[in-house]
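# Remarks on the overall topology
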Amino acid sequence: MKAAVLGSGGWGTALAMVLCDNGHDVTLWSHSPEKAALLAEQRENPLLKGVRLPEKLKITSDISVVSDADLVVSASPSFAVRDTMGKAAPFLRPETVLVSVSKGIERDTNLRMSQIVREATGDKCKVVALSGPSHAEEVSIKLPTGCVSACEDEAAARFVQDAFMNDYFRIYTSPDIVGVELAGALKNVVALSCGACDGMGYQDNTKALLMTRAMAEIARLGEKLGGDRQTFGGLAGMGDLIVTCTSMHSRNRRAGILIGQGMGAQEAMKQVGAVVEGYYAAESVHQLAEREGVEMPICRCAYEVLYQGQEVRNVVRDLMTRSKKGELENGWTYPGK
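In short, a report on the structure. (Residues numbered from 1 in each chain as written. Predicted model: local features only at pLDDT ≥ 70, side-chain atom pairs only at ≥ 80, totals over all residues. Heavy atoms only, no water.)

This paragraph deals with the overall build of the protein chain. What the protein chain contains, in helices and strands, is 14 helices and eight strands. Taken against the 2.2 N^0.38 rule, which gives 20 Å for 337 residues, the C-alpha radius of gyration of the protein chain at 20 Å falls within 12% of a compact globule. If one aligns the C-alpha atoms of the protein chain with their principal axes, the spans along those axes are about 65 × 40 × 35 Å. Each of the 337 residues in the protein chain was classed as buried or not, and the buried ones make up 56%. Taking as baseline every contact in the protein chain between residues at least 6 positions apart, the subset at least 24 positions apart corresponds to 70%. Just so you have it, the protein chain exposes about 15,100 Å², and 50% of that area is on carbon and sulfur atoms. Between the centroid of the 37 positive side chains of the protein chain and the centroid of its 41 negative side chains there is a distance of 3 Å. (Helix = DSSP H or I, 4+ residues; strand = E, 2+ residues; numbered from the N terminus. Rg over C-alpha atoms; globule rule 2.2 N^0.38 Å. Buried < 20%, exposed > 50% of the residue type's maximum accessible area, 1.4 Å probe, protein only. Contact = heavy atoms within 4.5 Å. Areas by Shrake-Rupley, 256 points an atom, 1.4 Å probe, with all protein chains shown as cover. Lys, Arg positive; Asp, Glu negative; His and termini not counted. Charge placed at Lys NZ, Arg CZ, Asp CG, Glu CD.)

Written out as structure tokens, the structure is:
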């Protein structure tokens, strides 16, 4: 099978390596001719230090490489997905399966990544979302990892499962592309928040409280938007939340640590030196929660810190002392409510 991976960041590169390991004819595309040439010459991505790229992996900056691909992976940063897939659209064949692996929500439109891919390509190909707890750094060195291939079309989801699955990269399938994508995008806001807790010196109790209650918020919004509540308790939901909130591989957590230590959001992202998707997702989550009438106090506080300049310790205090009205767990109603 011929495959093209659009996006030469760490995740796109790691997935290209997986496809190579599985015996496919793979080309990795970079938007920059200079970067493509450097990757081809050095056979190493600076984002995956010490990991040699397979010799059979082709590298290019020519977007027309998708023209004869059976599988095209959209791995650009979320803000670049629309532009990249729009450039690829004229070369795509209707029988090609598109795999969206970017995590985020588009600013202003609040669209999920697969929705953007569909719009940008004229909805002429089937689109599958691939998501889960999967740091590129670990996948590239073949550590056991699991992801979810999500699409309403079962055959398309299984096609992607077959393309990627091997003895270190296990793929589950799901019809809930809405829930899988929302879980992958919204957990980045929580990872930023957990990082801020680390930066302030808070420890395990605080992070356990934050992660579980934030997931309750995410599930509420996800269900309102058409996702299946069960998805948020699974690999693409809680699994991805755990790995992103607890690992130093996570750009979102690293940025959050700096913010918790007193650094401004923009300076923190600059110091991290890579795209911090949770920053952009926080605004979209706030807009979606307002539009849908879903209460999301943790995500609202993250928005206030990132976009309104609120002090982190102040919003933590506000969260901990807010009225218990509506604070239900597992469906019980408190006496006197």
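Moving on, we get to the pattern of salt bridges. Taken as a whole and judged by the stated rule, the model has 23 salt bridges. The closest approach of N and O atoms between R317 and D318, which form a salt bridge, is 3.9 Å. Taking relative accessible area as the criterion, D318 reaches 39% and is therefore assigned partly exposed. One salt-bridge network, in which partners are shared between bridges, spans D70, R93 and E95. (Salt bridge = Lys/Arg side-chain N within 4 Å of Asp/Glu carboxyl O.)

Turning to the packing of helix α7 (residues 177–199) against helix α12 (residues 277–292), a few remarks are in order. Look at α7 against α12: their axes get within 8 Å of each other, and the N-to-C directions meet at 110 degrees. Compared by their axis directions, α7 and α12 come out roughly perpendicular. The chirality of how α7 crosses α12 is left-handed. Packed against α7, whose contacting residues are A185, L186, N188, V189 and L192, the element α12 presents E277, G278, Y279, A281, A282 and V285 at the interface. Taken together, the residues of the contact of α7 with α12 break down into eight nonpolar, two polar and one charged. (Axes fitted to C-alpha atoms, helices over the stretch in contact; angles between N-to-C directions. Parallel < 35°, antiparallel > 145°, perpendicular 65-115°, else oblique. Left-handed = near helix turned anticlockwise from the far one by under 90°. Nonpolar A, V, L, I, M, F, W, Y, C, P; charged D, E, K, R; others polar.)

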